[in-house]
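# Survey of secondary and tertiary structure
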Amino acid sequence: MYEISYIETEEQLKQVLDFCYDILGQHLRDIENYRYDDWKDRIKSDSKLLVYAHEGGHVISAVLGRRESAESLVCGFVACAPEHRRQGITRGLMDRFEKEAVKAGFRYITLGSDADPFYGKCGYKVIYEMHGQNIYQKLLGT
């Protein structure tokens, strides 16, 4: 059985980011806003927006967000280990992430993905396409 936690330490952050980079691509290590140091700066102010699932000491899914403005969040990383997909784990993390966003006063969440219809099932709508990616957005509290 898995547990859900918030990233509160640099050790947790390193473990979760290594997992995300392995799933989403190592090239993200060097992109602004997605580097280790960028995420590290968010632990103190936004740890409730850095949520992950783990089982037996291993990360199995993660949803990491960052502030874009006082009203807006960007869901920067959403990753799930292939053997844990289609079990509702990441959907549960998205729900937790969104509840924390509402508590923090955010009005909407935006994310980009060239992936599957998962985000539509979570209530996100495509608002435009950019660089071959769909840009999704969800108004919170609706």
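Residues numbered from 1 in each chain as written. Predicted model: local features only at pLDDT ≥ 70, side-chain atom pairs only at ≥ 80, totals over all residues. Heavy atoms only, no water.

## Comments concerning the nonpolar core
- Counting 22 residues, the largest nonpolar core has Val63, Cys75, Met94, Phe97, Ile109 and Tyr124 as its most contacted members.
- Among the elements of the structure, strand 2 (50-55), strand 3 (58-67), strand 4 (72-80), helix 4 (89-103) and strand 5 (108-113) are those that each provide at least two residues to this core.
- Broken down by element, the residue count for this core peaks at five residues, all from helix 4.
- With residues near it in sequence (within four places) discarded, cysteine 75 still touches Val63, Leu64, Gly65, Met94, Phe97, Ile109, Thr110 and Leu111. (Core = buried A, V, L, I, M, F, W, Y, C linked by side-chain atoms within 4.5 Å. Buried < 20%, exposed > 50% of the residue type's maximum accessible area, 1.4 Å probe, protein only. Helix = DSSP H or I, 4+ residues; strand = E, 2+ residues; numbered from the N terminus. Contact = heavy atoms within 4.5 Å.)

## Details of the sheet that holds strand 1 (residues 3-6)
- The strand order across the open sheet formed by seven strands is 1-2-3-4-5-7-6, and the pairing between neighbours is mixed. Where the open sheet ends on each side, the last strands, each with one partner, are strand 1 and strand 6 (125-130). In this sheet, adjacent strand axes meet at a mean angle of 25 degrees when their direction is disregarded.
- Pairing between strand 4 and strand 5: three bridges, direction parallel. (Pairing = 2+ DSSP bridges. Axes fitted to C-alpha atoms, helices over the stretch in contact; angles between N-to-C directions.)

## Observations regarding the packing of aromatic side chains
- Counted under the stated rule, the structure contains seven aromatic pairs.
- Ring centres of tryptophan 39 and phenylalanine 77 lie 5.4 Å apart, and the angle between their planes is 35 degrees; on these two criteria the pair is classed as tilted. Within this pair, whereas tryptophan 39 is found in helix 2 (residues 36-40), its partner phenylalanine 77 is found in strand 4, the two being separated by 38 residues in sequence.
- For tryptophan 39, a relative accessible area of 0% gives the class buried.
- Residue classification places phenylalanine 77 among the buried residues on the basis of a relative accessible area of 1%.
- Grouping aromatic residues by their ring pairs yields a cluster made of Tyr21, Tyr34, Trp39 and Phe77.
- Geometry around tryptophan 39 places arginine 42 over its ring, the cationic atom sitting 4.4 Å from the centre. (Phe/Tyr/Trp six-rings, centres within 6.5 Å; stacked < 30°, edge-to-face > 60°. Lys NZ or Arg CZ within 6 Å of the ring centre and 35° of its normal.)

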